[in-house]
Each structure stands twice: as structure tokens, then as C-alpha cells.
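Structural characterization, general
Read off the chains here:
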Amino acid sequence: MPGQNPSATLRSAERATGVALLDALVALVGRRHVIAPDEDQEPYLVDWRGRYHGRAAAVVKPADTAEVAATVRLCAEHGASIVPQGGNTGMCGAATPDASGQAVVIRMDRLNRVRAVSPLANSITVEAGCILQTIQEAAAGVDRLFPLSLGAEGSCQIGGNIATNAGGTAVLRYGPTRELVLGLEVVLPDGSVLDRLHGLRKNASGYDLKQMFIGSEGTLGLITAASLKLFPRPRVSALAMVALPEIEAALELMARLRGVVGDRLASLEAMSRGQIEVIARHVPDVAIPFALESPWYLLIELTDTLAATDLRTPLEEVLGAALEEGLVADAVIAESGAQAEALWKIRHSVSEGSKRAGYVVSHDSVVPLENQARFAREVERRILDAAPEARVVMHGHIGDGNIHVLGILDAARYPDAAAAAPVAARINAAVDDVTAELGGVISAEHGIGQSNRARLGRVTPPAEIALMRALKSLLDPAGMMNPGKVLPPA
Ligand code: FAD
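Residues numbered from 1 in each chain as written. Predicted model: local features only at pLDDT ≥ 70, side-chain atom pairs only at ≥ 80, totals over all residues. Heavy atoms only, no water.

Helix and strand counts for the protein chain stand at 16 helices and 18 strands. Computed over the C-alpha atoms, the radius of gyration of the protein chain is 24 Å, within 12% of the 23 Å expected from 2.2 N^0.38 for a compact globule of 490 residues. Each principal axis of the C-alpha atoms in the protein chain carries an extent, and together these give about 90 × 55 × 45 Å. Within the protein chain, the proportion of its 490 residues that are buried is 52%. The contacts of the protein chain with a sequence gap of at least 6 include a subset with a gap of at least 24, amounting to 74%. As presented, the protein chain carries roughly 20,800 Å² of accessible surface, and 54% of it is formed by carbon and sulfur atoms. (Helix = DSSP H or I, 4+ residues; strand = E, 2+ residues; numbered from the N terminus. Rg over C-alpha atoms; globule rule 2.2 N^0.38 Å. Buried < 20%, exposed > 50% of the residue type's maximum accessible area, 1.4 Å probe, protein only. Contact = heavy atoms within 4.5 Å. Areas by Shrake-Rupley, 256 points an atom, 1.4 Å probe, with all protein chains shown as cover.)

Set out below in C-alpha cells:
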């Protein structure tokens, strides 16, 4: 209009679009299930670590697949981008919208039904908003195991687990989430529904399309349901925590235990002494069974489905011999379920304790198993060269090649991401260089999100990134699905 300020015109057009979209979303899912910008959107706009803070045109909670598809179509019509959000426990800001306020956050909470469970086929079909723990309980209800297990299992959702290809503490025996998925139902960016929930164990009929969405962090489509593998439920277990004189001993113990108990070896979780000190200091009610005199500690869990199996004897024998040889410095075997839980609590308190200890520059590298011990030694040396002010602690999944290396910085000196950025960049570069030199990649289970996009670009072959970009433009030509995540900045 003549005489009118062009940017004011643009702003009022944006407001009109926002209002029209809000009205349409309310008409679709009901007033109770839309949170407008002037309402309490806060919990959905910030990531678990509190690093990223975004804005949203709306937070919407559809009830089922049809409403998710209709929401996606509405967003496309109104030019809004979409940020899928599960339990919002992710580690890299992947579920947080950007600051533009143009995105619609789609929360999956109401898609929380268990659609089918079959002890015969050892499978369960669930909607994407099911909390992980609910699925574990549903499996236990038919005397089966859904093995995915991680510290956030009481609040993360299976859709988020699949979208991040989550790992956790049972990968050693059962594999990461990718290996637990039989089929998916996905709403594509054009609002159509890809229904491959059949749950077939064998399928050689062309490309395995579900794999594209596993680990895609909401950038290619919205997972609305999944068919998952179940396993026989373990009836006996034995748990030990051992103190180790060096990290190499963890791998040697793994080889010995596998030789004796085979795939009854379910979990092997290592923590450096510094990591346990951080937990002991910052998490109440955690009981550490040792004086912390060794550099590494290892949780070992054996399980079996046959109730009569004696797991304790082989565990004692392997650990007894290792103690005599000096491969193990000290060992505790849990005498009861409560003691086993108390030992697991140490491991499950890692993320919470570290978060409280300072500004954490965390890593999720995975290297070939034969290089894992070298990785742990070398990475600590290089971080301390690059950033002597960092406290280096580690925990990880021995047997998966995945050790999380944390550089913890003093919170008073480094209160936020901006203050920590230069030193964080030096720590990241040190870790990424060692990871690449030893044949690894920068994320095993947490994903890329917003935090690691530039790092992904730095260490990934250009041809691989080009193929990822081609896939993204094929499925999402308008770039509306979770923009600013995963792919490196152009
Ligand atoms: P969100 O954080 O909500 O989202 C994560 C990503 O998935 C985002 O990109 C989001 O857009 C996308 N997404 C979510 N739902 C959907 C959907 N339905 N369709 C498409 N995209 C979707 N992770 C591990 O791997 N191993 C661990 O051991 C582990 N331990 C943890 C311990 C604690 C205490 C905490 C807080 C986190 C831990 N995590 C761990 C990280 C986190 O729990 C996992 O990444 C989890 O898989 C995220 O699930 P979520 O539902 O919270 O997803």
C-alpha cells in the first residue's frame, strides 16, 4: 500500500498467516491440543541440556496418524516448517525449533497406543508417542523383553528413539534401535502416509525404505508408529562392578566372558574414575561400593532366559582369575535385586550428574573395537593439550566401541554456550581428530541435531554429504521438516 512501511506490512502479513494457521490447527485437533505463542510453550522450546532456546508459531498435539498427516498438510499450505518432538530428552538440540518463530512443533504424546502385541511373532506394534518404559512394560506383560534401555526411558518416546537410532546399555547383546525395528508408519513431508508396519522378519522386495527414517532426526518425515522386535524375557541375571587398573582390561574381560558365557553377556558399561567422582558429588543417594582408587570401573551384566541357569559361578570364576592376575583390582557382585539396582543407578546417573558439574562439552564418538583403548588414552591427552582447563571424564559402552568423552568446564567461568564456544571448538577438534585417525565417526547414538552439524561436515566425505542432501531434497523439496538440523550448513 502506498506510504506504508514495507517491513510493517510484512510483519502484519506474517501475523495474519500465523493466526490463520493457528485457527486451522485448532479446527483440526481441538483448542486443548494447540498451544499458541502467548501461552505456556516454554517446555517445548528448550532442549534437555538447556543450550538452545527457540520460538514456535504453535505447539500442536495431534491424536492419531490422520491428524498428523493433516497437520503436515496445513503447515505446508501456510509455509510453516515442522519440528517433530518426542520426549525432548535428546542431547543435540534436534527437537528444538529455531528462533524465527515460524515452526510448528508437533508433539507426539497423544499417539500413545499399543496397537498389537504378539508373543508368537515376538513383535509389538506401537504408536510413536509411546514412552519407552511403557513399551518395556507391555512386552513384560506378555513375558517378553523389549531390550532398548537408557537413562531417559521414563520420558523419551519410541518415535524419538527411532529418529535418533538410540543406543543405550543393551546394544552389546541386542543391537541399537535400528536393529529392533521391523516396520514403520511414516507421514511424509507432502502429508502422505508410508505404511510399512507389516513386521515381516524377511523382506527382499526392493529398497528397505524404513532405514532412511531411522536416525534421520525428524528431517525426512514424521514417524507415527513402529513394529518392533521382542525377545525372550531373561529370568536370571548376575551383575558385578569391577575396578580396573587400565581400560585395556575391560576389553580383555569382555573377550574372556564371551568365551565362557557367550551371548549371556548383556551389558558392559565403563566409567572413568573422574566420571564416578562427578556422579558421587552431584547426584544424591548414589552409593559407590569402592574407594575410588582405580582409573576405570566396569559394570558387567549377564542374563539368561532359563531360570535354572547359574550365572554367578562363571562370573565369579572369570573375575576370580582376573583378580589373581591383576587384570581386575577389585570386584563387587550384587547379592540382591536391590543391590543390582543401586549399581545400575550409578550408571544411569551419568547424564544428570555431569550436567550439574559444569558446562559439558560432550562427545559420542565410536571407533573400531581394536582401537577403543587407544582412543580413550589419546583423546584425554589431546583434550588436555588443547584445553588444559577442562576436566576430562569418560563413560561408555565397552563392546560397542562407543566411549562418551566429556570435557567439563567451570560453570562460573563458562556459564553458557557463547562463553564456552572457543574452548568447546578446541575440545571438539581434538576429539574429532583422534576419532577420524582411529577410523571412527563422531556420533554413535546421540545424533547430530543442531550441535554437531559443522563437525559432521568437517569429518564426513563430501560424496556422503552430497548423497544425504540429495535424499533430503527428494523427500522434502521445500525443506520444511526440521530445518537447520543434521545436514552441515551449506
Ligand atoms: P526428542 O528429544 O524429542 O527428539 C529427538 C529427535 O528425534 C529430534 O530430531 C526430533 O525431531 C526427532 N523425533 C522425535 N519424535 C519423532 C517422530 N515421531 N518422528 C520423527 N522424528 C521424531 N541416548 C542414547 O542413545 N543412549 C543413552 O544411553 C542415552 N541416555 C540418556 C540419558 C539421559 C538421562 C537423557 C536425558 C538422555 C539420554 N539419551 C541417550 C538421549 C535421548 O534420550 C535419546 O536421544 C532419545 O532417543 C530421544 O528420544 P526423545 O523422545 O526424547 O526424542
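So, next bit.
Strands sit in the order E15-E12-E14-E13-E17-E18-E16 across an open sheet of seven strands; the sheet is antiparallel. Two strands lie at the open edges of the sheet, namely strand E15 (330-333) and strand E16 (359-362), each paired on one side alone. Averaged over all pairs of adjacent strands, the angle between strand axes in this sheet comes to 15°, irrespective of strand direction. Direction of pairing for strand E12 (residues 236-244) relative to E15: antiparallel, over a ladder of four bridges. From the neighbouring strand, Val-242 faces E15, where its bridge partner is Ala-331. The strands that helix H10 (residues 312-325) touches are E12, strand E14 (296-304) and E15; relative to E15, the one it contacts most, it runs at about 170°. (Pairing = 2+ DSSP bridges. Axes fitted to C-alpha atoms, helices over the stretch in contact; angles between N-to-C directions.)

Bringing the pairing of strand E13 (residues 265-272) into the picture now. Most of E13 is tucked away: eight of the eight residues are buried. When E13 meets E14, the two strands line up antiparallel, connected through seven bridges. For Ser-267, the partnering residue across the bridge sits in E14 and is Glu-301. As judged from the three bridges shared by E13 and strand E17 (residues 391-397), these two strands associate in the antiparallel manner. Counted as the bridge partner of Glu-269 is His-397 from E17.

The next point concerns the nonpolar core. In terms of nonpolar packing, the biggest core is built from 55 residues, with Val-104, Phe-146, Ile-158, Ile-162, Leu-184, Leu-222 and Leu-228 touching the most fellow members. In contact with Val-104, not counting residues within four places along its chain, are Leu-21, Leu-25, Ala-57, Ala-58, Val-60, Cys-75, Ala-80, Ser-81, Ile-82 and Val-83. Formed by 54 residues, the second largest nonpolar core is a distinct cluster that contains Leu-265, Val-367, Ala-387 and Tyr-414. (Core = buried A, V, L, I, M, F, W, Y, C linked by side-chain atoms within 4.5 Å.)

So, on to the site of the ligand. Taken together, the neighbourhood of the ligand is formed by 35 residues, with Pro-84, Gly-86, Gly-87, Thr-89 and Gly-90 sitting nearest. Here an oxygen atom of the ligand and a backbone polar atom of Gly-90 are 2.8 Å apart. Measuring from a nitrogen atom of the ligand, one finds a backbone N or O atom of Ile-223 at 2.9 Å. Protein chains bury 97% of the 970 Å² of accessible surface belonging to the ligand in isolation. Of all the secondary structure elements, the ones that give two or more residues to the shell around the ligand are strand E3 (81-85), helix H5 (158-164) and strand E10 (222-229). No other element matches H5, which puts five residues into the shell around the ligand. Class assignment of the residues belonging to the shell around the ligand gives a composition of 14 nonpolar, 19 polar and two charged. (Near = heavy atom within 4 Å. Polar contact = N/O pair within 3.5 Å; in protein donor to acceptor, adjacent residues only side chain to side chain. Nonpolar A, V, L, I, M, F, W, Y, C, P; charged D, E, K, R; others polar.)

Strand order in the open sheet formed by five strands is E5-E6-E10-E8-E9, with antiparallel pairing between adjacent strands. Edge positions in the open sheet fall to strand E5 (114-118) and strand E9 (193-196), since each of these has one partner strand only. Shown here is a sheet whose adjacent strand axes are inclined to one another by a mean of 10°, direction ignored. On the sheet, helix H4 (residues 132-141) packs against E5, strand E6 (123-127) and E10 and is oriented at approximately 145° with respect to E6.

What follows concerns helix H11 (residues 337-348). For H11, spanning twelve residues, the distance from its first C-alpha to its last is 16 Å, which sits close to the expected 16 Å at 1.5 Å a residue. Burial in H11 covers these residues: Ala-340, Leu-343, Trp-344, Ile-346 and Arg-347. Across the axial projection of H11, the buried residues extend over an arc of 145°, all falling on one side. Every exposed residue of H11 that faces more than 90 degrees away from the buried side is listed here: Ala-338 and Glu-341. (Expected span 1.5 Å × (residues − 1). Arc of directions from axis to C-beta.)

Another point: unusual backbone geometry. The phi dihedral of Asn-165 is positive, around 50°, even though this residue is not glycine. Looking at the element boundaries, Asn-165 is found in the loop between H5 and helix H6 (171-174). The class for Asn-165 is buried, based on a relative accessible area of 14%. Phi at Glu-217 takes a positive value of approximately 55°, unusual for a residue other than glycine. As for its position among the elements, Glu-217 is in the loop between helix H7 (210-213) and E10.

Looking now at the pattern of salt bridges. Evaluation of the coordinates by the stated rule reveals 27 salt bridges. The closest approach of N and O atoms between Arg-256 and Glu-325, which form a salt bridge, is 2.8 Å. Residue Arg-256 is found in helix H8 (residues 248-261), and its partner Glu-325 is found in helix H10; the two are separated by 69 residues along the sequence. On the accessibility criterion, Arg-256 (25% relative accessible area) is partly exposed. Looking at Glu-325, the relative accessible area reads 52%, which means it is exposed. Two residues, Arg-356 and Glu-352, come together in a salt bridge whose shortest N-O distance is 3.6 Å. Here the residue Arg-356 and the residue Glu-352 both occupy positions in helix H12 (residues 350-357), the gap between them amounting to four residues, near one helical turn. Under the relative-accessibility criterion, Arg-356 is labelled partly exposed at 42%. You can call Glu-352 partly exposed: its relative accessible area is 31%. Three or more residues joined by partner-sharing salt bridges are found here, namely Glu-378, Arg-381, Arg-382, Asp-385 and Glu-437. (Salt bridge = Lys/Arg side-chain N within 4 Å of Asp/Glu carboxyl O.)

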